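One-letter residues, chain by chain:
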Amino acid sequence: MVRAMLLAAAAAITGSVSGAPLTAGAPPPAVRVSSWGWPLAPRPAVARPFRAPPTPWSAGHRGVDLTGRVGQPVLAAGAGRVAFAGLVAGRGVVVVSHPGGLRTSYEPVDRRSLVGTPVRVGTPIGVVGAQVGHCVPRTCLHWGLRRGETYLDPLTLVGGGPLVLLPISLR
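Looking up the protein chain in an unreviewed UniProt entry gives the name M23 family metallopeptidase, with the organism given as Angustibacter luteus.

For the rest of this paragraph, the subject is the pairing of strand S6 (residues 102-107). Burial of S6 is one-sided: the residues Leu102, Thr104 and Tyr106 facing one way are buried, the residues Arg103, Ser105 and Glu107 facing the other way are not. As paired strands, strand S5 (residues 91-97) and S6 are joined by four bridges and run antiparallel to one another. Counted as the bridge partner of Ser97 is Arg103 from S6. Counting the residues in the hairpin turn of S5 and S6 gives four residues, including Gly100, whose phi is positive at 85°. Two strands pair when backbone bridges link them, and S6 and strand S10 (residues 139-147) are joined in this way by six bridges, in the antiparallel orientation. Opposite Glu107, over in S10, you have His142 as the bridge partner.

Its location among the elements puts Asp153 in the segment after strand S11 (150-152). Here Asp153 occupies a buried position and makes no salt bridge, while the nearest side chain of opposite charge, Arg43, is found at 11 Å. A distance of 2.9 Å separates a polar side-chain atom of Asp153 from the backbone nitrogen of Leu155.

Right, let's talk about the side chain of His98 for a bit. Secondary-structure assignment places His98 in the loop between S5 and S6. There is a polar contact of 2.8 Å between the side chain of His98 and the backbone oxygen of Ala79. For His98, the side chain forms a polar contact with the main-chain oxygen of Val96, separated by 3.4 Å. Residues in contact with His98, not counting those within four places in the same chain, are Trp36, Gly78, Ala79, Gly80, Arg103 and Thr104.

In total, this model carries two salt bridges according to the counting rule given. One salt bridge in this structure joins Arg91 and Glu107, with 2.9 Å as the shortest N-O distance. Here Arg91, found in strand S5, pairs with Glu107, found in strand S6; they are 16 residues apart in sequence, far enough to count as distant. Residue classification places Arg91 among the buried positions, given a relative accessible area of 16%. Arg146 is paired through a salt bridge with Glu149; the nearest N and O atoms lie 2.5 Å apart. By relative accessible area, which is 65% here, Glu149 ends up exposed.

So, about the confidence of the model for the protein chain. For any part of a model where pLDDT is low, the fine detail of the predicted coordinates should not be relied upon. Confidence along the protein chain averages 79 in pLDDT terms, with 74% of residues attaining 70 or more. Residue range residues 1-33 is modelled with pLDDT below 50. Its contacts to residues more than four positions away, or to other chains, number 56 contacts.

On to the layout of surface pockets. Roughly 180 Å³ of internal volume is contained in the largest pocket. Forming the boundary of the largest pocket are Arg62, Val95, Arg103, Thr104, Ser105, Glu107, His142, Gly144, Leu145, Arg146 and Tyr151. Mapped by element, the contributors of at least two residues to the lining of the largest pocket are S6 and S10. Among the residues making up the lining of the largest pocket, the classes are represented as three nonpolar, four polar and four charged.

Take the packing of aromatic side chains next. By the definition in use, this model includes one aromatic pair. Judged by centre distance (6.2 Å) and plane angle (45°), the rings of Trp38 and Trp143 are tilted. One end of the pair, Trp38, is in the loop between helix H1 (2-14) and strand S1 (46-48); the other, Trp143, is in strand S10, with 105 residues separating them in the sequence. In terms of burial, Trp38 and Trp143 fall into one category: buried. The ring of Tyr151 carries Arg62 above its face, with NZ or CZ at 5.5 Å from the centroid.

Rules of the game
- Residues numbered from 1 in each chain as written.
- Predicted model: local features only at pLDDT ≥ 70, side-chain atom pairs only at ≥ 80, totals over all residues.
- Heavy atoms only, no water.
- Buried < 20%, exposed > 50% of the residue type's maximum accessible area, 1.4 Å probe, protein only.
- Helix = DSSP H or I, 4+ residues; strand = E, 2+ residues; numbered from the N terminus.
- Pairing = 2+ DSSP bridges.
- Lys, Arg positive; Asp, Glu negative; His and termini not counted.
- Salt bridge = Lys/Arg side-chain N within 4 Å of Asp/Glu carboxyl O.
- Polar contact = N/O pair within 3.5 Å; in protein donor to acceptor, adjacent residues only side chain to side chain.
- Contact = heavy atoms within 4.5 Å.
- pLDDT = per-residue confidence, 0-100.
- 1 Å grid on protein atoms, 1.4 Å probe; cavity = no way out; pocket = protein on both sides within 12 Å on 5 of 7 lines; lining within 4 Å.
- Points joined across faces, edges and corners; volume = space filled by probe spheres on them.
- Nonpolar A, V, L, I, M, F, W, Y, C, P; charged D, E, K, R; others polar.
- Phe/Tyr/Trp six-rings, centres within 6.5 Å; stacked < 30°, edge-to-face > 60°.
- Lys NZ or Arg CZ within 6 Å of the ring centre and 35° of its normal.

Dropping the structure here:
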């Protein structure tokens, strides 16, 4: 009884049964890790991890930077439809809408797929662009994940991301 009350309270406060706020990178509810893949192959190194901003307007790192090379194919991380493909601040960006209200974003991307294109896990949606980014001198792909207006850690889709430790009373 006490455990059920604690779980309900945690869900009401944070939006997550685990008690961890979704902005801290907890896996989005009802997302199976096996239905997602890496946006670069082979599996890339993480050059810079996700760092949730403490408030919507604060500094943070709203995605992960994955090491890659110019011209390397960028792959859809999950099934969905290309919702945006264009330039933002001079950098090529692709956004894919997925079931359940999730959106993944990728930048810089050249030779982008057209808006409306249906994709599956691993479908090429463009190539890593040559634009200079914040990974200099390396080349990287910035991979983001959002549900509504909330930024999430995209590594949670592929079994990475931070571990969430629960008190013994919530296990």
